[in-house]
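Topology and contacts: notes
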Amino acid sequence: MNDVRPGRLKVYLGAAPGVGKTYRMLDEGRRRAARGADVVVGFVECHGRPHTERMLDGLDVLARARCEYRGGVFPEMDVDAVLERRPAVALVDELAHTNVPGGGRNPKRWQDVERLLAAGIDVITAVNVQHLESLKDVVEKITGVPQHETVPDEIVRRAHQIELVDMPPEGLRRRMAHGNIYAPEKIDAALANYFRQGNLTALRQLALLWVADRVDEALQLYRAEHAIGGVWETRERVVVALTGGPEGDTLIRRAARIADRSAGGDLLAAHVARSDGLAAGVSHASLARQRRLVEDLGGSYHSVVGDDVATTLVEFARAENATQLVLGSSRRGRLERFLTGLGTGETVVALSGDIDVHRVTHERAGRGTLLPSRRRTLSTSRLIAGPVAGLVLPVLLTICLAQVRDTVNLTSDALLFLLAVVGVACIGGVVSAVIASITASLLLNYWFIPPVGHFTLDEPNALVAMGVFAVVAAVVAAVVDRSLRLSRRSARATAEAETMSSLAGNIVRGGQTIPALLERTRETFGMSSVELVDQPPDADGVTAVPAGPGAWLVLRGRTLSSSERRVLAAFAAHVGSAVERARLAEAAAEIEPVKAADRMRTALLRAVGHDLRTPLAAGWAAVASLRSRDVEFSAEDRDELLATADESMAKLNRLVENLLDLSRLEAGVLKLNLRATALEEVLPAALGDIPDVEVGDVEQIPSILTDPPLLERVIANLVANAARHTPAGTRVLVTASVLAGRVELRVVDRGPGLPQTGRERLFEPFQRFGDNDNTTGLGLGLALARGLTEAMNGTIAPEDTPGGGLTMVVSLPLAETKAPTHHSAQATGEAT
């Protein structure tokens, strides 16, 4: 199998249920078959739609496997038959579908698809956007309907092709109204619930944005493979440069407004951590605050290491395919700009090319930096200006002093020349200082030491003066050079600490997975690629550092300096820690079921210690009293004792039955007898022993596919739980409605309700939310109700009751539904 070329996956992604993705998938299958390709239908669900069913004509449809589960027989895709048939192309519908358990089958259909791809079979599949794992919670928030079947985004992203099947909300609702999606009796409920225009519009936008991200990934890969450095303005990306100064908030908000002008625009904030430029006068507290602001506005923050701020900033923008750069106007004053030349902003404009640059004014513009600028090394302009100043400044000083020769004595002249030498040393370093000292000594000797107009280099005083000038210049230049080196070292350490602090902050907040850490490493060091491998490759242009036992961080791109390698080693240590945490998390996940079983066993023992002993003690006492010959009981007393014994044994029987049923459910051996059942057939028996229950009109509700005795148990447990929490004088309400091929049974109470944080544990065994004593049962009612409902291909979920209280919603398939394999989609009011 290692020599088989993996098959290619094509996904038809539906923007909403009913847009026609299955139709499009079958249409492509027919076109490929017409061109001579060997196409088979592995699994397609037409949902009774005539137009879709006609698309199967002429295609080779493989028989479905018949799978037994809990007393029922359900159709599934026969993966082995597809592999044995070995077609060129297989059509597989409903990628997010959950397979019936047992028989060695994969839990999910997307895993079946991966198996077909590994065998070299091309697969064309279909899935709706609401089934993508990353959008599950978003879709539930929009529609109010939980998504029980999902597919990992990565599976869809790896597809060779993704084609969006889209339709305007008005057109989709019109298609629904014409009966092209659901049967006529289900249309009104669907249009009033899941298929509301706002829901469909939001789903459509989610699909468009998700596909746009996928297209963007493909574009970035293409640009990298073909070494395309120019900006392609396919999507608005705005990079804002941050220095940590007070103008940062203004720049971020301005950049966010620019990004918001284009739908789907990206905001990226970049801070260059380095030895000079934008890092001068940086406030780490301000950077941390500005980072939070960027994230609050939906952007991302990036800290990049570079030797030149302007070049690094432009390279980062090009690597991210940015279309616009936003940076603040210079905080340097006019005099400082005149003396030091072009700043970062002007250099960025010169290097930007086809990237638009926005220079934003702010209140600090032109007012100087908040802290003294710490130059770390001599710039090119200073290296040139130093020797020039060493020649020109003494000459200018000579011209000026010659005009006041009669008022300034020789001592003052010498001190002024010495001051000029010190100034030149500060500008250009040792070489410039030596040039200035020689020039100043000669000019002082010729113009100001008698005899004026003649060199007196043979006199000892002249030689001493020149020696003093040279020594002073050398000492001053050495002090300046040492100060610059120490400043550069300190600033570099500050930049490295800032970069590591930014990384550590992400890790502490838990926002960095291993892929995210690798991507952040690539961005920070400006590399073309970063990967985590077991063994470092032996190749040129590769930097490899250890990242823990059996792990190496491999970077491809430019050559890193020694200081950058130190920072990289720290990054590698963080990556290694993340790998180790992932391994520990996997180990903890393996232990968690054991801990959960132990907690359940402890809870069971505690509950059994009281709840089973109480009816046993009451029944035993009643029977013992009846058997006693010391007391003569009247007929009424004997009847009361018999009733007590009977009630205690009945209660004990119910508790034991609940325990046994829960055990069967967990073991998967509960036998089902699913048949068409009317609610009016089940409700009287379920509600017989519970007072104060109001039942809505259920006579018009169609029959459902269920096991009647088990449904009675579910309803009885839910109603009993609701009655326990309903205030005195208030009745529990039981109603039912039809929605998208399912019946939704609601049990409504007017009690205190339940906060969202407590609902995750609501269906766990041995929980008594809101009960203050141990006389209310084992806490198995809701756990058993959920288990029985799911065994009958249904769902159960809590909702808030308008006006206060909790509503339990049980969703079960209609009896006319042929197969329960699509119960999750139908339970959420969807079509595929």
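Residues numbered from 1 in each chain as written. Predicted model: local features only at pLDDT ≥ 70, side-chain atom pairs only at ≥ 80, totals over all residues. Heavy atoms only, no water.

1. With respect to the overall build of the protein
- When you go through the protein residue by residue, the secondary structure sums to 25 helices and 23 strands.
- Within the protein, the fraction of its 832 residues that count as buried is 46%.
- Residue pairs at least 24 apart in sequence account for 72% of intrachain contacts in the protein once pairs closer than 6 positions are excluded.
- Only carbon and sulfur atoms are counted for the fraction: they give 55% of the accessible area of the protein, which is about 41,100 Å². (Helix = DSSP H or I, 4+ residues; strand = E, 2+ residues; numbered from the N terminus. Buried < 20%, exposed > 50% of the residue type's maximum accessible area, 1.4 Å probe, protein only. Contact = heavy atoms within 4.5 Å. Areas by Shrake-Rupley, 256 points an atom, 1.4 Å probe, with all protein chains shown as cover.)

2. A few points about the sheet that holds strand β20 (residues 732–739)
- Strand order in the open sheet made by the 5 strands is β18-β20-β21-β23-β22, with mixed pairing throughout. Looking along the sheet, the strands with just one partner apiece sit at the ends: β18 (693–695) and β22 (795–800). Strand after strand, the sheet turns through a mean of 25° between neighbouring axes, direction not considered.
- Judged from the 7 bridges that link them, β20 and strand β21 (residues 742–748) form a sheet pairing that is antiparallel. Bridge assignment links Val 738 to a residue of β21, and that residue is Val 743.
- Packed onto the sheet, helix α22 (residues 679–687) meets β18, β20 and β21 and runs at close to 175° relative to β18. (Pairing = 2+ DSSP bridges. Axes fitted to C-alpha atoms, helices over the stretch in contact; angles between N-to-C directions.)

3. Considerations on the side chain of Thr 398
- Looking at where Thr 398 falls in the secondary structure, it is placed in helix α15 (residues 380–403).
- If near-sequence neighbours (up to four positions away) are discounted, Thr 398 is found in contact with Phe 417, Leu 443, Trp 447 and Phe 448.

4. Examining the pattern of salt bridges
- Inspection of the entire model under this criterion finds 21 salt bridges.
- Note that Arg 109 and Glu 76 form a salt bridge whose closest N and O atoms lie 3.2 Å from each other. Taken together, the residues Arg 109 in helix α4 (residues 109–118) and Glu 76 in strand β5 (residues 72–76) connect sequence positions 33 residues apart. We note that Arg 109, like Glu 76, is buried.
- Members of the salt-bridge network, linked through shared partners, are Lys 10, Arg 24, Glu 28, Arg 32 and Glu 163. (Salt bridge = Lys/Arg side-chain N within 4 Å of Asp/Glu carboxyl O.)

5. Some details on a positive patch on the surface
- Residues Arg 253, Arg 254, Arg 257 and Arg 261 make up a contiguous surface patch of positive charge.
- You can see Arg 253 is positioned in helix α10 (residues 248–260).
- For Arg 253, a relative accessible area of 42% translates into the label partly exposed. (Patch = residues over 30% accessible without salt bridge, like charges linked within 9 Å, V, L, I, M, F, W, Y side chains within 5 Å. Lys, Arg positive; Asp, Glu negative; His and termini not counted. Charge placed at Lys NZ, Arg CZ, Asp CG, Glu CD.)

6. What to know about the packing of aromatic side chains
- All told, the structure shown has 3 aromatic pairs when counted by the stated rule.
- The interplanar angle of 75° and the centroid separation of 5.3 Å between the aromatic rings of Tyr 446 and Trp 447 together place this pair among those described as edge-to-face.
- Here Trp 447 falls in the partly exposed class, since its relative accessible area comes to 36%.
- Across the ring face of Phe 43, the terminal group of Arg 64 is positioned such that the distance to the ring centre comes to 4.0 Å.
- Over the face of the ring belonging to Phe 43 we find Arg 109, whose NZ or CZ atom lies 3.9 Å from the ring centre. (Phe/Tyr/Trp six-rings, centres within 6.5 Å; stacked < 30°, edge-to-face > 60°. Lys NZ or Arg CZ within 6 Å of the ring centre and 35° of its normal.)

7. Focus: the pairing of β21
- The element β21 is largely enclosed, with a buried count of 6 among its 7 residues.
- Between β20 and β21, which pair antiparallel in sequence order, lie 2 residues; one of them, Ala 740, sits at a positive phi of approximately 55°.
- Inspection of the sheet shows β21 paired to strand β23 (residues 806–813) by 7 bridges, in the antiparallel sense. What sits directly across from Val 747, in β23, is Met 808.

8. What to know about the confidence of the model for the protein
- Averaged over every residue, the pLDDT of the protein is 77; the share at 70 or more is 77%.
- This model gives residues 769–778 a pLDDT under 50, and the stretch forms 25 contacts once residues within four places in sequence are excluded. (pLDDT = per-residue confidence, 0-100.)

9. Examining the pairing of β20
- Bridge count for β18 against β20 is 3 bridges, and the pairing is parallel. Across the sheet, Glu 694 pairs through a bridge with Leu 733, a residue of β20.

10. Considerations on the nonpolar core
- The biggest cluster of nonpolar side chains holds 68 residues, and the ones touching the most others in it are Leu 91, Leu 116, Val 151 and Phe 195.
- The element best represented in this core is helix α9 (residues 197–225), accounting for 6 residues.
- Leave out the neighbours within four places in its chain, and Val 151 touches Leu 95, Ala 96, Trp 110, Val 127, His 131, Leu 132, Glu 133 and Val 156. (Core = buried A, V, L, I, M, F, W, Y, C linked by side-chain atoms within 4.5 Å.)

11. Examining the packing of helix α12 (residues 309–319) against helix α14 (residues 344–351)
- Following both chains from N to C, one finds α12 and α14 inclined at 45°, their axes separated by 9 Å at the closest point. By the angle between their axes, α12 is oblique relative to α14. In the packing of α12 onto α14, the handedness of the crossing is right-handed. Mapping the contact onto sequence places Val 309, Ala 310, Thr 311, Leu 313, Val 314 and Arg 318 in α12 and Thr 344, Thr 347, Val 348 and Leu 351 in α14.
- Within the contact of α12 with α14, the residues separate by chemical class into 6 nonpolar, 3 polar and 1 charged. (Parallel < 35°, antiparallel > 145°, perpendicular 65-115°, else oblique. Left-handed = near helix turned anticlockwise from the far one by under 90°. Nonpolar A, V, L, I, M, F, W, Y, C, P; charged D, E, K, R; others polar.)

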